[in-house]
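Now for the letters of each chain:
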Amino acid sequence: MVTGGGSGIGAATARRLSRDGAHVVVVDVNGDAAASVAGDLPGRAVAVTADISTEEGVDAYIGAALEEFGAIDLHHLNAGVLGTMAPLPDVAAADFDQVIAVNLRGAFLGLRAAFRCYRDQETGGAVVVTASISSLRGADDQLPYQTSKHGLLGLVHGAAMYGGPRGVRVNAVAPGLVPTGIFASSGDASRAATVSRRGGTIPMRRVGTTDEIAGVVAFLLGDDAAYVTGEVVSADGGAFMVNTVTRSGGAGAWTPAD
């Protein structure tokens, strides 16, 4: 099960898991995008159009998966939106609520549905949530997004505690700067245009790719991570480790040309 699977990290994960032999359910609010991704996968796949922030949407994608495949073993709860970049005094409550609904409520509903499936199936399984470097650091230009991504870590830790004795592993991947459609869809063209340049300020001096994040997701969902749960794996080119008050650290302390 891959939510937000119609583009970006979700689409890359769907491709990776399908190549690895999984049957894939591609879920996206954009049904055409989900169908396009599912249609290009090498293995069995089904596309589902659903709003993951609603109980009805989650019921729809769970029902479609069970009807097609009979059980769900692996969940990548990836769907998310960036939301407004307005400064704190100018953030509208409706804009805040919309980001929380998709990024945090949607992940809660997905986790709850996953655990209900495992209970009914009497099986274990694995779940990976797409967090963010914004789950771990602060910024003043993406308050709703940052709040939602911080909240995801609470969900992951609580679900991992609950899932441990039940054979269900729950982890998160925390991407750094990875150019996807989420930046363009935010309506902030200047931010989207500067992603690659800002990537040049981190230790690896580049942005990441969706395939690189998909590889981390595949690892966390797979048997090689059988003893890993409750973890947040940063895939950010070293950005999280930077000490911004030292001579070598911090965005702007060096340039891509250097």
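In this convention, every chain numbers its residues from 1, walking through the sequence in written order. A pLDDT threshold of at least 70 governs which residues receive local features in this predicted model, and a stricter bar of 80 or more applies before side-chain atom pairs are shown or counted, although totals over entire chains, interfaces and linings include all residues. Note that water and hydrogens are dropped before the side-chain values are worked out from all heavy atoms of the structure.

An unreviewed UniProt entry lists the protein under the name Short-chain dehydrogenase, with Nonomuraea glycinis as the source organism. UniProt positions are given in the numbering used here, feature names are shortened, and annotations may be inferred rather than shown by experiment. Quoted verbatim from the Sequence similarities (unreviewed entry) heading of the UniProt record, the comment on the protein is "Belongs to the short-chain dehydrogenases/reductases (SDR) family."

What am I meant to see in the overall build of the protein here?
Working definition: helices are DSSP H or I runs of at least four residues, strands are E runs of at least two. Numbering for both runs from the N terminus. Helix and strand counts for the protein come out as 9 helices and 7 strands. Computation of the radius of gyration draws on C-alpha atoms, with the globule rule given as 2.2 Å multiplied by the number of residues to the power 0.38. Compactness check: the protein gives a C-alpha radius of gyration of 18 Å against a globular reference of 18 Å for 258 residues, within 12% of the reference. Each principal axis of the C-alpha atoms in the protein carries an extent, and together these give about 55 × 40 × 35 Å. Per-residue burial for the protein yields a buried fraction of 46% across its 258 residues. Long-range contacts, defined here as pairs at least 24 residues apart, represent 66% of the contacts in the protein between residues at least 6 apart. By element, 53% of the accessible surface of the protein is carried by carbon and sulfur atoms, the whole surface being about 12200 Å². Partly exposed describes any residue whose relative accessible area lies between the buried limit of under 20% and the exposed limit of over 50%, with all areas from a 1.4 Å probe on protein chains only and scaled to the type maximum. Only heavy atoms enter the contact rule, under which two residues are in contact if any of them lie within 4.5 Å. To measure how exposed things are, a 1.4 Å probe is used in the Shrake-Rupley method; for residues, cover is taken only from the protein chains shown.

I would appreciate a short explanation of the nonpolar core in the present structure.
For soluble globular proteins, the rule of thumb is that nonpolar side chains tend to be buried together. Buried Ala, Val, Leu, Ile, Met, Phe, Trp, Tyr and Cys residues form a nonpolar core when they are joined through side-chain atoms within 4.5 Å. Residues Met-1, Val-27, Tyr-61, Ile-62, Val-127 and Val-170 are the most contacted members of the largest nonpolar core, which totals 35 residues. Of all the elements in the fold, those that place two or more residues in this core are strand 2 (24–28), strand 3 (45–49), helix 3 (55–69), helix 4 (93–121), strand 5 (125–130), helix 5 (143–163) and strand 6 (168–175). If one sorts the elements of this core by residue count, helix 4 sits on top with 9 residues. Listed in part, the 21 residues of the second largest apolar core include Ala-14, Ala-38, Val-216 and Leu-221.

Would you mind going over helix 1 (residues 8–19) with me for this structure?
Residues that lie three or four places apart on an α-helix share one face, since the helix turns once every 3.6 residues. Taking 1.5 Å of rise per residue, 12 residues should cover 16 Å, and helix 1 covers 17 Å from first to last C-alpha, within 8% of that figure. Listing the buried residues of helix 1 in full gives Ile-9, Gly-10, Ala-11, Ala-12, Thr-13, Ala-14, Leu-17 and Ser-18. Of the surrounding elements, those touching the buried residues of helix 1 are strand 1 (2–3), strand 2, helix 2 (31–40), strand 4 (74–77), strand 6 and helix 9 (210–221). Backbone geometry just downstream of helix 1 places Gly-21 in the positive-phi region, at approximately 110 degrees. Expected helix span is given by 1.5 Å per residue-to-residue step, counting one fewer step than there are residues.

Is there a simple way to explain the pattern of salt bridges in this structure?
A side chain of one charge can pair with a side chain of the opposite charge if their charged atoms are brought near each other. When a carboxyl oxygen of Asp or Glu is within 4 Å of a side-chain nitrogen of Lys or Arg, the pair counts as a salt bridge. The full count for this structure, using the stated rule, is 5 salt bridges. The partner of Arg-16 in a salt bridge is Asp-20, with the nearest N and O atoms 3.1 Å apart. A salt bridge links Glu-212 to Arg-206; the nearest nitrogen and oxygen atoms lie 2.8 Å apart. A relative accessible area of 36% means that Glu-212 is categorised as partly exposed. Overall, Arg-206 belongs to the partly exposed group, its relative accessible area being 35%.

Honestly, the environment of Asn-78 in this entry has me stumped. Any pointers?
Looking at where Asn-78 falls in the secondary structure, it is placed in the loop between strand 4 and helix 4. On the basis of relative accessible area, Asn-78 is assigned to the buried category, the value being 10%. Counting along the chain gives 50 residues from Asn-78 to Asp-28, while the straight-line C-alpha distance between them is 10.0 Å. Throughout this description, a polar contact denotes any pair of N or O atoms lying within 3.5 Å of each other; where both atoms belong to protein, one of them has to be capable of donating a hydrogen while the other can accept it, and for residues adjacent in sequence the pair is counted only when both atoms sit in side chains. Engagement of the side chain of Asn-78 in a polar contact is seen with the side chain of Thr-130, the distance being 2.9 Å.

I would appreciate a short explanation of unusual backbone geometry in the present structure.
A positive phi is found at Glu-122, a non-glycine position, where the angle reads about 55 degrees. Residue Glu-122 is classed as exposed on the basis of its relative accessible area of 74%. Within the chain, Arg-205 stands out as a residue other than glycine whose phi angle is a positive 60 degrees. Tracing the sequence through the fold places Arg-205 in the loop between helix 8 (195–199) and helix 9.

Can you walk me through the side chain of Gln-121 in this structure?
Position of Gln-121 among the secondary structure elements: in helix 4. Within the structure, Gln-121 has its side chain in polar contact with the side chain of Thr-123 (distance 3.1 Å).

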